[in-house]
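Survey of secondary and tertiary structure
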Amino acid sequence: MVQSVRFCYFTPMKINRMDLVRGCLLRFAFTVLLLVAGAAVAGERLEQLDLAGTRAIFPAADSLGTTLAAVPARTVFAGDDVLGWIFLNDELHPIPAYSGKPISALVGIDAEGRIVGARIVAHEEPILVIGVSDSDLQHFIAQYAGISASEKVRVGAGARAGYRGIDAITGATITTMVINQSIMAAAEDVASALGLPLARGVPLPGANLGSAPGKPAPAHLVKPDREPYWLQLWEEREGRLFILGTALALLVTMLVFQDWLVVRPRLFTRLRNGYMLFTVFFIGFYSMGQLSIVNMLAFGRVMAGGFSWETLLIEPVTFMLWSFVAVTIVLWGRGVYCGWLCPFGALQELIHTIARHFGVPRHEFPAMVHERLWAIKYLILIGLFGLSLDSMAHAATMAEVEPFKTVFALHFVRDWSFVVYALALLAVSAVNSKFYCKYLCPLGAALSFFTRFRIFDWLRRRRECGNPCQTCAAQCQISAIRPTGEIIENECHYCLECQVIYHDEHRCPPLVEKRKRREKRETRAAQISAVQVE
């Protein structure tokens with residue numbers, strides 16, 4: 001039995017059973033992901049298209065031509081008349097979205113280079129699976145009817161000069177930007193390859209629209225310049241990225257000088273509470289920067305299918321936060337994110353703090369039950385990983401165990417069952433601090449795999465910790481201190497509360513004893529001095 005798992009680690013360091021299990025699961029999962037990705041083969045879906053699907057865009061269609069040699073598109077006929085051409089955007093411009101896979105839309109274009117219509121035929125986007133209604137999706141895609149392939153279309157461009165603006169889907173702005181970029185770039189390529197007019201209503205010389213579809217475009221055809229879609233997103237979010245970068249720099253400063261900060265409990269408490277408010281309202285509600293296990297699963301698929309910076313850069317705030325997590329998890333462990341930058345975790349902590357202020361009693365599970373409940377989040381993680389190997393859409397359904405979308409993306413405006421679930425977790429956190437984080441969060445479970453490789457161990461302990469002193473263990477908001485006094489690094493949220501107690505001579509029992517002895521000596525010395533003066 002021992003030999004069957006020993007291959008998972010190569011260093012002779014001392015490890016516990018839970019570390020072995022975590023390490024083996026991580027390596028097994030990564031291996032399976034590579035095998036599945038290597039076996040994936042794309043099919044020629046355009047060739048399989050039938051008239052029923054085509055008539056959703058061209059109602060008068062009665063036949064389809066074969067795929068053209070010049071471009072992956074098919075001619076649509078009504079008798080002998082050419083109605084236009086249809087194509088799949090992801091066969092021309094496959095831009096991966098959150099799921100790590102492109103969103104596939106069937107698009108029709110007419111002889112004047114205008115989009116006739118479009119419809120989504122396949123996707124694995126989490127926000128589109130659960131959270132966005134079909135009517136919202138259809139309303140968004142219907143906006144492309146009548147748009148020329150030459151136009152610069154931008155989601156939410158408003159009255160910006162040189163752009164045609166279309167409405168986004170609430171809670172799915174980045175996804176709609178990806179769809180827009182892919183559809184418009186693909187339409188432009190098809191129009192160019194077929195020699196269709198790229199200037200609205202002005203046919204280009206040499207274009208042969210009826211008898212020879214598929215003829216290469218004239219050499220003098222000039223496409224409009226299009227900015228990389230991720231660059232547009234970064235430009236639009238310059239202000240919030242600056243604020244976020246400043247806040248992250250402040251957090252690093254607090255961590256580096258934590259020993260100076262924790263001996264000033266009033267200052268630390270104010271900074272801590274202020275940062276929690278910033279995390280909830282700026283990162284969570286305003287920037288929608290709540291990281292998710294779906295991000296990690298999608299990143300794994302992107303890495304397995306071929307690395308692309310464009311895929312990682314589609315959401316600037318998320319990219320900045322994940323980059324920060326990647327660095328800090330190596331330095332201090334996963335607690336920096338879970339304890340300071342997770343909006344849902346911060347919201348739970350604020351609720352618990354307010355509840356304690358009003359005298360609401362705290363109820364925690366016994367240590368034995370508490371440690372066994374940890375297993376739930378790891379089981380959820382394994383289930384999500386297994387589903388993601390088959391389909392991100394299936395994994396997204398199970399990922400609703402994360403209430404993040406309900407709270408921060410949709411602001412509780414969705415089906416009542418999701419709202420009740422999110423509110424129940426927040427209500428429980430009033431009496432059991434960070435209940436969701438401790439027992440249900442698959443993201444925290446995934447990040448804990450990497451915490452054991454952290455470089456710094458700056459959390460100070462005394463030899464009296466655990467035997468006999470239990471003060472820090474009793475105060476720890478996530479019960480990450482064993483009765484024997486050791487900090488459980490894989491569960492620690494790095495809130496630094498134990499460090500405040502460590503330096504507090506009114507709360508830390510060993511320091512309390514030293515303070516009392518010092519005060520006794522000072523009192524005795526003062527009495528002796530008073531007698532000598534008399």
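Residues numbered from 1 in each chain as written. Predicted model: local features only at pLDDT ≥ 70, side-chain atom pairs only at ≥ 80, totals over all residues. Heavy atoms only, no water.

Turning to a nonpolar patch on the surface, a few remarks are in order. Taken together, the side chains of V256, F257, W260, L267 and W458 define a hydrophobic patch exposed on the protein surface, amounting to about 490 Å² of accessible area. With respect to the helices and strands, L267 occurs in helix α11 (residues 265-286). (Patch = residues over 30% accessible without salt bridge, like charges linked within 9 Å, V, L, I, M, F, W, Y side chains within 5 Å. Areas by Shrake-Rupley, 256 points an atom, 1.4 Å probe, with all protein chains shown as cover. Salt bridge = Lys/Arg side-chain N within 4 Å of Asp/Glu carboxyl O. Helix = DSSP H or I, 4+ residues; strand = E, 2+ residues; numbered from the N terminus.)

Before going further, it helps to examine the confidence of the model for the protein chain. With 80% of its residues at a pLDDT of 70 or more, the protein chain shows a mean pLDDT of 82. Ignoring residues within four places in sequence, the model shows residues 1-15, a span with pLDDT below 50, making 14 contacts including any to other chains. Counted against residues more than four places away or in other chains, residues 200-222, with its pLDDT under 50, gives 44 contacts. (pLDDT = per-residue confidence, 0-100. Contact = heavy atoms within 4.5 Å.)

Moving on to empty space enclosed by the protein. Enumeration over the complete set of coordinates arrives at 7 cavities of 30 Å³ or more. Taken as a whole, the largest cavity holds about 140 Å³ of empty space. What lines the largest cavity is a set of 17 residues, and nearest its centre among them are C476, I481, C492, C495 and C498. For the lining of the largest cavity, the secondary structure elements donating two or more residues are α24 (471-475) and α25 (497-502). Tallied by class, the residues present in the lining of the largest cavity amount to 13 nonpolar, 3 polar and 1 charged. (1 Å grid on protein atoms, 1.4 Å probe; cavity = no way out; pocket = protein on both sides within 12 Å on 5 of 7 lines; lining within 4 Å. Points joined across faces, edges and corners; volume = space filled by probe spheres on them. Nonpolar A, V, L, I, M, F, W, Y, C, P; charged D, E, K, R; others polar.)

Burial runs high along strand β4 (residues 104-109): 6 of the 6 residues are buried. Bridging between strand β3 (residues 81-88) and β4 involves 4 bridges; their strand directions are antiparallel. From the neighbouring strand, F87 faces β4, where its bridge partner is V107. Relative to strand β5 (residues 115-122), β4 runs antiparallel, the two being bridged by 6 bridges. (Buried < 20%, exposed > 50% of the residue type's maximum accessible area, 1.4 Å probe, protein only. Pairing = 2+ DSSP bridges.)

Here the focus is the pairing of β3. By the bridge criterion, 5 bridges tie strand β2 (residues 74-78) to β3 in an arrangement that is antiparallel. Of the residues in β3, the one forming a bridge with V76 is G84. Between the antiparallel neighbours β2 and β3 lie 2 residues, among them G79 with a positive phi of about 70 degrees.

Bringing helix α16 (residues 343-357) into the picture now. Relative to the 21 Å expected for 15 residues at 1.5 Å per residue, α16 spans 21 Å between its end C-alpha atoms, a close match to the ideal helical length. Those residues of α16 that are buried lie in contact with α11, α15 (335-341), α20 (404-409), α21 (416-428) and α22 (435-439). Two residues or fewer past α16, G359 is found with a positive phi of approximately 80 degrees. (Expected span 1.5 Å × (residues − 1).)

The next point concerns the packing of helix α9 (residues 238-256) against α11. Look at α9 against α11: their axes get within 12 Å of each other, and the N-to-C directions meet at 150 degrees. Taken together, the axis directions place α9 and α11 in an arrangement best described as roughly antiparallel. Crossing of α9 against α11: the hand is left-handed. Contacts from R240, I243, L244, A247, L248, L250, L251 and M254 of α9 reach α11 at L271, Y275, F278, F282, I283 and Y286. (Axes fitted to C-alpha atoms, helices over the stretch in contact; angles between N-to-C directions. Parallel < 35°, antiparallel > 145°, perpendicular 65-115°, else oblique. Left-handed = near helix turned anticlockwise from the far one by under 90°.)

Now for the side chain of S150. Examined against the element boundaries, S150 turns out to sit in the loop between α6 (134-142) and β6 (153-155). Look at S150 and you get buried, because its relative accessible area is 16%. Among the polar contacts made by the side chain of S150, one reaches the side chain of S148 at a distance of 3.0 Å. (Polar contact = N/O pair within 3.5 Å; in protein donor to acceptor, adjacent residues only side chain to side chain.)

With that out of the way, let us pick up the nonpolar core. Core analysis: the biggest nonpolar cluster contains 80 residues, and L251, Y275, I293, Y337, W340, L341 and F344 have the highest contact counts within it. Aside from chain neighbours lying at most four places away, what touches F344 is Q290, P403, F404, V407, F408, L425, L426 and Y436. Core analysis: the second largest hydrophobic core is formed by 41 residues, A149, I169, V178 and A186 among them. (Core = buried A, V, L, I, M, F, W, Y, C linked by side-chain atoms within 4.5 Å.)

Here the focus is the sheet that holds β2. The antiparallel open sheet is built from 5 strands, whose spatial order is β1-β2-β3-β4-β5. Whereas interior strands pair on both sides, the edge strands pair on one side only; in this sheet they are β1 (63-67) and β5. The average angle at which neighbouring strand axes cross in this sheet is 25 degrees, direction not considered.

Bringing the environment of V252 into the picture now. Tracing the backbone through its elements, the reader meets V252 in helix α9. Sequence separation of V252 and F324 is 72 residues, and the distance between their C-alpha atoms is 9.9 Å.

To continue, consider the pattern of salt bridges. Enumeration according to the criterion identifies 21 salt bridges in this entry. Residue R237 is joined to E236 by a salt bridge in which the shortest nitrogen-to-oxygen separation is 3.6 Å. Accessibility expressed as a relative area gives 11% for R237, which makes it buried. By relative accessible area, E236 is classed as partly exposed at 37%. Among the ionic pairs, K405 bridges to E400, the shortest N-O distance being 2.8 Å. Each member of the pair, K405 as well as E400, carries the same accessibility label: buried. It is possible to trace a salt-bridge network through shared partners that takes in R154, E236 and R237.

According to the stated counting rule, one finds 17 aromatic pairs in the structure shown. With 5.8 Å between their ring centres and 70 degrees between their planes, W234 and F319 make a pair best called edge-to-face. Here W234 is found in helix α8 (residues 229-236), whereas its partner F319 is found in helix α14 (residues 316-331), with 85 residues between them in sequence. Between the aromatic rings of Y378 and F449, the centroid separation amounts to 6.4 Å while the plane-to-plane angle is 80 degrees, which identifies the pairing as edge-to-face. Highlighted residues: Y378 in helix α18 (residues 375-390) and F449 in helix α23 (residues 442-451), separated in sequence by 71 residues. Considered together, Y378 and F449 belong to a single accessibility category, that of buried residues. Counting every residue linked through ring pairs, the aromatic cluster contains Y275, F278, F282, Y286 and W340. R240 extends its terminal NZ or CZ atom over the ring of Y286, reaching a point 4.6 Å from the ring centre. (Phe/Tyr/Trp six-rings, centres within 6.5 Å; stacked < 30°, edge-to-face > 60°. Lys NZ or Arg CZ within 6 Å of the ring centre and 35° of its normal.)

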